[in-house]
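# Overview (structure and organization)
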Amino acid sequence: MAELRAVSPSVVAILASAAACDRVAAPSGAIVCRVAPPEVLLVGEVDVSDVHVDEPGAIVEDVTDGWTAFELAGDDAADAFSRLSELELPEEGFVQGEVARIGAKLIVEPGRLMILVPAMLGAFIEERIRIDCAEVLA
Amino acid sequence: MGSLRFEGREVAFTDGDTIASALFRAGVRTFSRSMKYHRRRALYCGTGDCPNCLLTVDGTPAVHACQAPCADGMEVRRPHGWPSTERDLLHVTDSLHRLMPVGFYYKTFIRPRFAWETAEKVIRRATGLGALPPTTAAERSVVRHVRTDVLVVGAGAAGLEAARDAAAAGERVIVCDESPIGAAIAPGAALDRVRALEAEVRAMPEVTVLDGHTALGIYEGLEVPLVADRELVRVHPKRVVVAAGAAEIHPVFPGNDLPGVWLGRGAARMAGVHGVRPGDVAVVVAGTEEGLAHLETLQASGVRIAAVAVPTSLAGRVPEGSGEVVVDGAVYEARGGKTLSSVVLRRGTEGKRFDCDLLVLSLGLAPRDGLARMALPGEAVELVGDAAGPDATPPNGHDGTVCLCEDVSLHDLRQAWDEGYRNAEILKRYTTTTMGPCQGAMCGRALSCFARDRGGTAPAETTPALFAAAARTTSRPPARPVTLESLAAAVHELIDKRTSLHDVHLAAGARVDRSGGWIRPFTYGDWREEYRAVRERVSVMDVGTLGKFTIGGADAATLVDRMFPCRTDDLAPGRTRYVLSLDEAGYVMDDGLLCAVADGTFYLTSTSGGAVRTDARLRDLADRMSLDVHVLDRTAQWGAINVAGPHARDLLERLTGDAVDAGSVLYPGFADVTVAGVPCRAVRTGFVGELAFELHHPRSRGPELWEALIREGAAWDLLPHGLDALELLRLEKGHVYLGQDTMPDDTPAKLGMSWAVSMDKEWFLGKRALERLTELPATRKLVGLEFDGAPADVADVRGAPLLVGGQMVGRVTSAEPSIALDRSIGLGWVRASDAGFPSALDVAGHGGARAHVVATPFYDPSGERLRG
């Protein structure tokens, strides 16, 4: 079976030149998600005051409030995800694309998958996951 | 064992029965009526290829009765005929061929135009495959995406062998079939072979068997959607093996669609599997060894054989007791009325008539290659088994029905050819041959033969091997009839956005509904009281739905200057400006407020429904102009609450230690303040026409900020307001709702908003178009309206045409009875005539109501109240 639970990672957005984004290093406990050449999201245990981008005009901001996150885990997590998206997941890492018709960010780790969606769609996607994956959700 | 209900009567069925076999056993012979001429249609192919047995089952139209298993209590009915399928008066059209020639629907229903509405209804009643159930809610289907190395379509012997071999080579395999494995195969060696293979592949861990899953098509990618009961499986394979087998050839001769004419597999299955004789006296035309097997099956079931037509190569193998053997004979014609009564077999120029009630045709196989032909050249799709076999289509006879679905005869094809349609593809479009439910499974090859024989299309040798049947028309999905609910799998729900205050609104008893993609409160009980709270005291509204953006980077000022038509270079930090957003054609796409922030960035709001588009347009323009700009969409991150009313400032002062006086939070302007401990950007707005502060705040802090405002606002009898009250509040100020009051081609001038455009700017998006448009005369504009004699509920007037001298010159877009002004007001667009724009208009359909064009705003024209 698969398990679904809400999680609360911190999210920091960095908007800077592609070169500056290339230089962004993940703080311990966070994952670098390159959502666009000039845009990075740091997801996990991260404090915005610890993030520095050496470029005038760059935007570095805690945007945790803008995201709702869920974690899918368990033996049937991949099966559950196949009912939500046509994305092909890597063994590990970051991908983005449509999940239940919503643009989402996905962080894949061994045995679990984190799905981040814009906060105003959190209730909608949770309902969709629980209905569409009912057969395989614990 | 059990029974189904067929048009009001009980029909018993036995284990293993299909709907068709149960009905046939019960004496039903006419299963449908042909689309155009309402000719009787009976069981024919027995393999789910032809359209003859498409019935409505439990409200679902177009179910192949010969494939669908029976279930106790199911409701079955035939879709055609008036007053009934059995006694169909519309059969009279069969004697009116001359009035309904090929393509008559293109030629006949042109004039008079007014007659079309009636003709359309008549045609719809007379044709079609049944009606969609108007009251039945769609069943919710789920979708699954599955990746595999190999998808095998068809679980017959060839498909199972291909699956076994691929799995043995280490590939992940999915094998699918529209029926349970082996269900369509008569008992015997072939079924035994399939059962053995089935056991073998089911034991292989690399193989997933999806029986009861129908492949709808092959899409670029590769992707093959499989539809099943309440499930759509979207398979993404690396390669596809099509093992769909073959249908028996549908020969064309006069009378080939009479009840009693069967293809061999259908007749043999009825006799051998279901134990029901398809007729008493038969003529069998066996062009293959399979045909001889069918002959034996029929004999074993007790059918008397009157004659057998076989080629010379099979003449010596015709079993005893098969009546007269006509070597190298062919069917010349079948005769009959309600059912088949005789068949004329011909050899050379010699013909002989045989009385019979059953004609069984087994002339060879037509590979089911439709799926494979959907693949693009180079895609990894291969045919195996009978699906890859040779095409044995015989030449067409001298007449007969080519297309069973669309009622197209050989005569029709000849006539179309003579009219100049001289290619299989355009013959298809003109005559609709192959465009019915069977998608050419029966008629596709006969059409090709016709075109090829007439010399209209390329010969087989010139086409790639995969498309070996030359001159075939294009094969497209869906390969099988599919319900809309299956296609809508996983897209049943509208995507609803919710603000952080959603639960708070529900707890307060708000009536919520969709607006601009969000679920929003329309009222908390009495919208008029909510209105009065805004006008007389203080109120709050959840406006977290607004689009919210930070625009930063070295070229941020350049981007906003080029994005918006008003001046932005003089916007001092702490000040805001109303901005229109235009497209390249100068049409108004959106509006909002632009705030200049002290750190050199800009904060922008957009309409609730326009946020996604605004984000895309900002980024697009920045990219096109190679600007060094960063756009941070804060719509999800920040909520917003509008605090509005004469006591709005008093309320804020109770909750903040920061200065919120008129000199500290300017109008139009903003300031960053802390309200009830929540960091807020307080933006002065004027949409409702009263002193107002939009408090933009971190989304997670929304509920505590809202509760604090409600609690402290009680001192002024604060009531929250929803969209119902907002509708009147903004209308009294003459503010437009984009989308409701505007048209897609509205320019600022048409909306009376030229004041929001600075044509003296060097360039902004849409400027060139506006320059050209100003040279044209004004033909339409949005105006303020006051109504005389309007109904009490003037909101009903919304959408009503506006007339001058009986001619429509405009339309009401907004209308409300104004509480502040004690009269009915509205907005609407009007067209100019030679005499200019009208000033008085009739409101169509509202009993003499009149509208007068007046200036806006209706309420507080000087704006004193909102400046506070």
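Structure shown above.
The text that follows walks through the structure, step by step, so that each part is easy to find. (Residues numbered from 1 in each chain as written. Chains lettered and ligands numbered in written order. Predicted model: local features only at pLDDT ≥ 70, side-chain atom pairs only at ≥ 80, totals over all residues.)

## Side note on the overall build of chain B
Of regular secondary structure, chain B possesses 20 helices and 45 strands. For 868 residues, the compact-globule formula gives about 29 Å, and the C-alpha radius of gyration of chain B, at 37 Å, lies well above that figure. Buried residues in chain B amount to 49% of all 868 residues. In chain B, of all internal contacts separated by at least 6 residues, the share reaching a separation of at least 24 is 66%. (Helix = DSSP H or I, 4+ residues; strand = E, 2+ residues; numbered from the N terminus. Rg over C-alpha atoms; globule rule 2.2 N^0.38 Å. Buried ≥ 20, exposed ≤ 12 C-beta atoms within 10 Å, placed from the backbone. Contact = placed C-beta atoms within 7 Å.)

## Overview of the pairing of strand 42 (residues 807-818) of chain B
All names here are of chain B. Here strand 41 (residues 801-804) pairs with strand 42 via 4 bridges, running antiparallel. Pairing of Leu802 across the sheet is with Gly810, part of strand 42. Counted between consecutive antiparallel strands, the loop separating strand 41 from strand 42 contains 2 residues, among which Gly805 sits at a positive phi close to 60°. Bridge count for strand 42 against strand 43 (residues 823-831) is 8 bridges, and the pairing is antiparallel. In the sheet register, Ser818 faces strand 43, and the bridge partner there is Arg823. Between strand 42 and strand 43, which pair antiparallel and follow one another directly, the connecting turn spans 4 residues, one of which, Asp822, has a positive phi of 55°. (Pairing = 2+ DSSP bridges.)

## Some thoughts on helix 8 (residues 410-418) of chain B
Residues and elements named next belong to chain B. Those residues of helix 8 lying buried are Leu410, Asp412, Leu413 and Ala416. The buried side chains of helix 8 occupy one side of the element, clustering within an arc of 155° when seen end-on. Close packing links the buried residues of helix 8 with strand 25 (401-403), strand 26 (408-409), helix 9 (424-431) and helix 10 (444-453). The first or second residue beyond helix 8 is Gly420, which carries a positive phi of 110°. (Arc of directions from axis to C-beta.)

## Observations concerning the pairing of strand 3 (residues 30-36) of chain A
Residue and element names in this part refer to chain A. As defined by bridge partners, strand 3 adjoins strand 4 (residues 39-44) across 6 bridges and the pair is classed as antiparallel. Among the inter-strand pairings, Val32 is bridged to a residue of strand 4, identified as Leu42. The hairpin turn running from strand 3 into strand 4, its antiparallel successor, is 2 residues long.

## Here's the deal with helix 7 (residues 289-301) of chain B
All names here are of chain B. Its 13 residues give helix 7 an end-to-end C-alpha distance of 19 Å, which sits within 8% of 18 Å, the value for a rise of 1.5 Å per residue. If you check which residues of helix 7 are buried, you get Gly291, Leu292, His294, Leu295, Thr297 and Leu298. Packing partners of the buried residues in helix 7 comprise helix 6 (264-272), strand 16 (281-286), strand 17 (304-310) and strand 22 (358-362). Gly302, located one to two residues past helix 7, shows a positive phi value of around 105°. (Expected span 1.5 Å × (residues − 1).)

## Observations regarding the interface of chain A and chain B
Tallying the contact residues gives 24 residues for chain A and 28 residues for chain B. At the level of elements, strand 2 (10-15), strand 5 (59-62) and helix 3 (122-132) of chain A are the ones that each hand at least two residues to the side of chain A that touches chain B. The element contributing the most residues to the side of chain A that touches chain B is helix 3 of chain A, with 4 residues. When grouped by side-chain class, the residues that make up the side of chain A that touches chain B number 12 nonpolar, 4 polar and 8 charged. (Nonpolar A, V, L, I, M, F, W, Y, C, P; charged D, E, K, R; others polar.)

## As for the sheet that holds strand 6 (residues 67-74) of chain A
Residue and element names in this part refer to chain A. Sheet architecture is open: 5 strands sit in the order 1-6-9-8-7, paired in antiparallel fashion. Looking at strand neighbours, the two that pair on one side only are strand 1 (2-7) and strand 7 (93-99), the edges of this open sheet. Each strand axis lies, on average, 25° off the axis of its neighbour in the sheet, ignoring direction. Direction of pairing for strand 7 relative to strand 8 (residues 102-109): antiparallel, over a ladder of 7 bridges. Looking across to strand 8, one finds that Gln96 is bridged to Lys105. (Axes fitted to C-alpha atoms, helices over the stretch in contact; angles between N-to-C directions.)

## Points about the nonpolar core
In terms of nonpolar packing, the biggest core is built from 140 residues, with Ile115(A), Ile551(B) and Val643(B) touching the most fellow members. Per-element tally for this core: the top contributor is strand 32 (residues 588-596) of chain B, with 6 residues. If near-sequence neighbours (up to four positions away) are discounted, Ile551(B) is found in contact with Ala556(B), Leu559(B), Val560(B), Thr601(B), Phe602(B), Leu604(B), Leu618(B), Val629(B) and Val631(B). Membership of the second largest hydrophobic core comes to 138 residues, among which are Val173(B), Leu216(B), Ala244(B) and Met442(B). (Core = buried A, V, L, I, M, F, W, Y, C linked by C-beta atoms within 7 Å.)

## Observations concerning unusual backbone geometry
Across the junction of Trp82(B) and Pro83(B), the peptide omega takes the value 5°, indicating a cis bond. With respect to the secondary-structure elements, Pro83(B) resides in the loop between strand 7 (75-77) and helix 2 (104-108). The omega angle of the peptide bond from Pro477(B) to Pro478(B) is 0°, so this bond is cis rather than trans. As for its placement among the helices and strands, Pro478(B) is situated in the loop between helix 10 and helix 11 (484-487). The backbone of Ala100(A) shows a phi angle near 50°, a positive value even though the residue is not glycine. You can see Ala100(A) is positioned in the loop between strand 7 and strand 8. For Ala100(A), a count of 25 C-beta atoms within 10 Å corresponds to the buried category. Backbone geometry places Asp717(B), a non-glycine residue, at a positive phi of 55°. Among the secondary structure elements, Asp717(B) is positioned in the loop between helix 17 (702-713) and strand 39 (719-720). The class of Asp717(B) is partly exposed, set by 14 C-beta atoms lying within 10 Å.

## What to know about the packing of helix 8 of chain B against helix 9 of chain B
Residues and elements named next belong to chain B. Taken N-terminus to C-terminus, the directions of helix 8 and helix 9 make an angle of 115°; their axes are 10 Å apart at the nearest point. With respect to each other, helix 8 and helix 9 are oriented roughly perpendicular. Of the two elements, helix 8 crosses helix 9, and the hand of that crossing is right-handed. Of the residues in helix 9, those in contact with Asp412, Leu413 and Ala416 of helix 8 are Leu427, Tyr430 and Thr431. For the contact of helix 8 with helix 9, the residue count by class is 4 nonpolar, 1 polar and 1 charged. (Parallel < 35°, antiparallel > 145°, perpendicular 65-115°, else oblique. Left-handed = near helix turned anticlockwise from the far one by under 90°.)

Note that all results are geometric; they support no functional claim without further evidence.
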